[in-house]
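Understanding the architecture of this molecule
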Amino acid sequence: QVQLVESGGDLVQPGGSLRLSCVASGSIFRINRMGWYRQALGKQRELVAVMYGGGSTDYADSVKARFTIYRENAKKNMVFLQMNNLKPEDTAVYYCNAQIMESPSDYGMDYWGKGTLVTVSS
């Protein structure tokens, strides 16, 4: 069973920074992509950033130039989201998402973490 666990959410002032982390554990053959979504109160869940297996990335227009998604070679089952110049409208629960193959014959399934709360307020 694959699990995703996020950490790093906190209360931060506008203009501040946070780094979110997500670690995948369990039966993992290959991770095809890892990314971050967020859901603000009363709104639909939206894509924030995603990194594909080859290293390419996509970002929501609202976070481009402020957020950076990355993975570290030494921590292959982790993904990070560096968030700079945070704004009140970034307040949301941030969810880690990954498409993971558990075996070579697997097409890959989508997995979700339980979320971590980011609050941007003075």
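Use the structure listed above.
The structure contained in this document is the topic of the report that follows. Please read all numbers here as calculations on a predicted model, not as lab measurements.

**Quick look at the nonpolar core**
- Among the nonpolar cores identified, the biggest contains 29 residues, and Trp36, Leu81, Met83 and Tyr94 are the most heavily contacted of them.
- Looking at this core, the elements that each hand over two or more residues are β3 (18–25), β4 (30–39), β5 (46–52), β7 (67–72), β8 (75–83), β9 (92–101) and β11 (116–120).
- Ranked by the residues each element gives to this core, the list is headed by β9, at five residues.
- Once residues within four sequence positions are removed from consideration, leucine 81 is found in contact with Leu18, Arg19, Leu20, Trp36, Val48, Ala49, Phe67, Thr68, Ile69 and Tyr94.

**Digging into the state of the cysteines**
- All told, the structure shown has one disulfide when counted by the stated rule.
- Two residues share a disulfide in this structure: cysteine 22 and cysteine 96, whose sulfurs sit 2.1 Å from each other. Every disulfide takes its handedness from the sign of the S-S torsion; for cysteine 22 and cysteine 96 that torsion is -80°, giving left-handed. Taken together, the residues cysteine 22 in strand β3 and cysteine 96 in strand β9 connect sequence positions 74 residues apart. For the pair cysteine 22 and cysteine 96, one class covers both residues: buried.

**A few points about the environment of glutamine 99**
- Within the secondary structure, glutamine 99 is located in strand β9.
- According to the relative accessible area criterion, glutamine 99 is partly exposed, its value standing at 22%.
- Considering only alpha carbons, one finds glutamine 99 and serine 25, 74 residues apart in sequence, at a separation of 13 Å.
- With near-sequence residues (within four places) excluded, glutamine 99 lies in contact with Arg30, Ile31, Asn32, Arg33, Tyr107, Gly108, Met109 and Asp110.

**Describing the packing of aromatic side chains**
- Under the defined criterion, the tally for this structure stands at two aromatic pairs.
- A centroid spacing of 5.0 Å and a plane angle of 65° characterise the contact between tyrosine 37 and tryptophan 112, whose relative ring orientation is edge-to-face. Of this pair, tyrosine 37 sits in strand β4 while tryptophan 112 sits in strand β10 (residues 109–112), and the two are 75 residues apart along the sequence.
- Judged by centre distance (5.2 Å) and plane angle (20°), the ring pair of tyrosine 70 and phenylalanine 80 falls under stacked.

**Structural notes on the side chain of aspartate 90**
- Note that aspartate 90 resides in the loop between β8 and β9.
- What makes aspartate 90 buried here is its relative accessible area of 0%.
- Among the polar contacts listed, one links the side chain of aspartate 90 to the backbone nitrogen of lysine 87, at a separation of 2.8 Å.

**Some words on unusual backbone geometry**
- Backbone geometry at alanine 65 places phi at a positive 75°, although glycine is not the residue there.
- One non-glycine residue, asparagine 85, lies in the positive phi region at around 50°.
- Here asparagine 85 is to be found in the loop between β8 and β9.
- Look at asparagine 85 and you get partly exposed, because its relative accessible area is 42%.

Analysis parameters
- Residues numbered from 1 in each chain as written.
- Predicted model: local features only at pLDDT ≥ 70, side-chain atom pairs only at ≥ 80, totals over all residues.
- Heavy atoms only, no water.
- Core = buried A, V, L, I, M, F, W, Y, C linked by side-chain atoms within 4.5 Å.
- Buried < 20%, exposed > 50% of the residue type's maximum accessible area, 1.4 Å probe, protein only.
- Helix = DSSP H or I, 4+ residues; strand = E, 2+ residues; numbered from the N terminus.
- Contact = heavy atoms within 4.5 Å.
- Disulfide = S-S within 2.5 Å.
- Phe/Tyr/Trp six-rings, centres within 6.5 Å; stacked < 30°, edge-to-face > 60°.
- Polar contact = N/O pair within 3.5 Å; in protein donor to acceptor, adjacent residues only side chain to side chain.

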